[in-house]
Amino acid sequence: MLEAIFKNSSQQIVLKYKTQLEQINGLEDNLKLFTDLELKEQTTKLKNRLLKGETKYSILPEAFALIREASRRVLGLRLFDVQLIGGIVLTEGKIAEMKTGEGKTLVALLPTFLNALYGKGTHVITVNDYLARRDAEYVGQVHSFLGLNVGLIQDNMEPAERKKN
């Protein structure tokens, strides 16, 4: 009993999100069997479920599992559980602190995909034009693979181009 009270903060966070992690991880083997087209079709299915009134939290496990598989195929990078937790934390509107090299850019794929399913646009703010371009071109491939549009705003763009993006 005392062990549960005195767990360190990292252990407490993992326990809090254990059920969602298990749901996401439980979908992985099945998604590996999907063709690229079938994966892309899942985006439309998730959008439709949101339109019918489901919440983003009810589809979160499927959306995150979909991003994990797409990232594995497109970038050759499989998101780790700690990155999935970071995505859940961001989805909840909280701050997820991560050190350099722990995959913040990959983590951002998760809530941006989930929120983009509403069809109203999702923005990632990066104050450095170089990093914004790099990330849009590199990890943006995952969202594009799943049928979403990826835009980029740079300092030197004309207003019309900025608005389009």
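Placed above this text is the structure.
Residues numbered from 1 in each chain as written. Predicted model: local features only at pLDDT ≥ 70, side-chain atom pairs only at ≥ 80, totals over all residues. Heavy atoms only, no water.

### Brief notes about the side chain of Thr 112
Here is step 1: Looking at the secondary structure, you find Thr 112 in helix H7 (residues 104–116).
Here is step 2: Judged by its relative accessible area of 12%, Thr 112 falls in the buried class.
Here is step 3: Engagement of the side chain of Thr 112 in a polar contact is seen with the backbone oxygen of Ala 108, the distance being 2.6 Å.
Here is step 4: Ignoring any residue separated from it by four or fewer positions in sequence, one finds Thr 112 in contact with Thr 122, Val 124 and His 143. (Helix = DSSP H or I, 4+ residues; strand = E, 2+ residues; numbered from the N terminus. Buried < 20%, exposed > 50% of the residue type's maximum accessible area, 1.4 Å probe, protein only. Polar contact = N/O pair within 3.5 Å; in protein donor to acceptor, adjacent residues only side chain to side chain. Contact = heavy atoms within 4.5 Å.)

### What to know about the pattern of salt bridges
Here is step 1: Following the criterion strictly, the structure yields twelve salt bridges and no others.
Here is step 2: The partner of Arg 68 in a salt bridge is Glu 28, with the nearest N and O atoms 3.3 Å apart. Of the two residues, Arg 68 is situated in helix H5 (residues 56–74) and Glu 28 in helix H3 (residues 18–32); the sequence distance between them amounts to 40 residues.
Here is step 3: On the basis of relative accessibility, which here comes to 2%, the residue Arg 68 falls in the buried class.
Here is step 4: Its salt-bridge partner being Glu 69, residue Arg 72 comes within 2.5 Å of it at the nearest N-O pair. (Salt bridge = Lys/Arg side-chain N within 4 Å of Asp/Glu carboxyl O.)

### What about the nonpolar core?
Here is step 1: Counting 33 residues, the largest nonpolar core has Phe 64 and Phe 113 as the members making the most contacts within it.
Here is step 2: Elements supplying a minimum of two residues to this core: H3, helix H4 (36–51), H5, helix H6 (81–91) and H7.
Here is step 3: Here this core gets eight residues from one element, more than from any other, and that element is H5.
Here is step 4: Those residues within four positions of Phe 64 in sequence are excluded, and the remaining contacts are Ile 24, Leu 84, Gly 87, Ile 88, Thr 91, Leu 110, Pro 111 and Leu 114. (Core = buried A, V, L, I, M, F, W, Y, C linked by side-chain atoms within 4.5 Å.)

### So, helix H8 (residues 129–138)
Here is step 1: Taken together, the buried positions of H8 are Ala 132, Asp 135 and Ala 136. The buried residues of H8 occupy one face: seen down the axis, they fall within an arc of 100 degrees.
Here is step 2: In this structure, the buried residues of H8 make contact with H7 and helix H9 (140–145). (Arc of directions from axis to C-beta.)

### What about the side chain of Lys 56?
Here is step 1: Positionally, Lys 56 belongs in helix H5.
Here is step 2: Among buried Asp, Glu, Lys and Arg side chains, Lys 56 stands out as unpaired, with Glu 92 the closest opposite charge at 10 Å.
Here is step 3: Side-chain polar atoms of Lys 56 contact the side chain of Asn 115, separated by 3.1 Å.
Here is step 4: When near neighbours in sequence (up to four residues on either side) are disregarded, Lys 56 contacts Leu 50, Thr 91, Leu 114, Asn 115 and Tyr 118. (Lys, Arg positive; Asp, Glu negative; His and termini not counted.)

### Remarks on H4
Here is step 1: Given a rise of 1.5 Å per residue, 16 residues ought to cover 22 Å, and the 24 Å separating the end C-alpha atoms of H4 matches this to within 8%.
Here is step 2: Those residues of H4 lying buried are Leu 39, Gln 42, Thr 43, Leu 46 and Leu 50. One side of H4 carries all its buried residues, which in axial view fall inside an arc of 105 degrees. Away from its buried face by more than 90 degrees, H4 exposes Leu 37 and Leu 51.
Here is step 3: Contacts from the buried residues of H4 go to H3, H5, H7 and H9.
Here is step 4: Positioned one or two residues after H4, Gly 53 has a phi angle of 110 degrees, which is positive. (Expected span 1.5 Å × (residues − 1).)

### Observations regarding the packing of H5 against H7
Here is step 1: Across the interface, H5 lies against H7 with an axial gap of 9 Å and an inter-helix angle of 135 degrees. On the basis of the axis angle, H5 is oblique to H7. In the packing of H5 onto H7, the handedness of the crossing is right-handed. Within the contact between the two elements, H5 uses Lys 56, Ile 59, Leu 60, Ala 63, Phe 64, Leu 66, Ile 67 and Ser 71 and H7 uses Leu 106, Leu 109, Leu 110, Pro 111, Phe 113, Leu 114 and Asn 115.
Here is step 2: Residues of the contact of H5 with H7, tallied by class, amount to twelve nonpolar, two polar and one charged. (Axes fitted to C-alpha atoms, helices over the stretch in contact; angles between N-to-C directions. Parallel < 35°, antiparallel > 145°, perpendicular 65-115°, else oblique. Left-handed = near helix turned anticlockwise from the far one by under 90°. Nonpolar A, V, L, I, M, F, W, Y, C, P; charged D, E, K, R; others polar.)

Any link to function would need more than the numbers given here.
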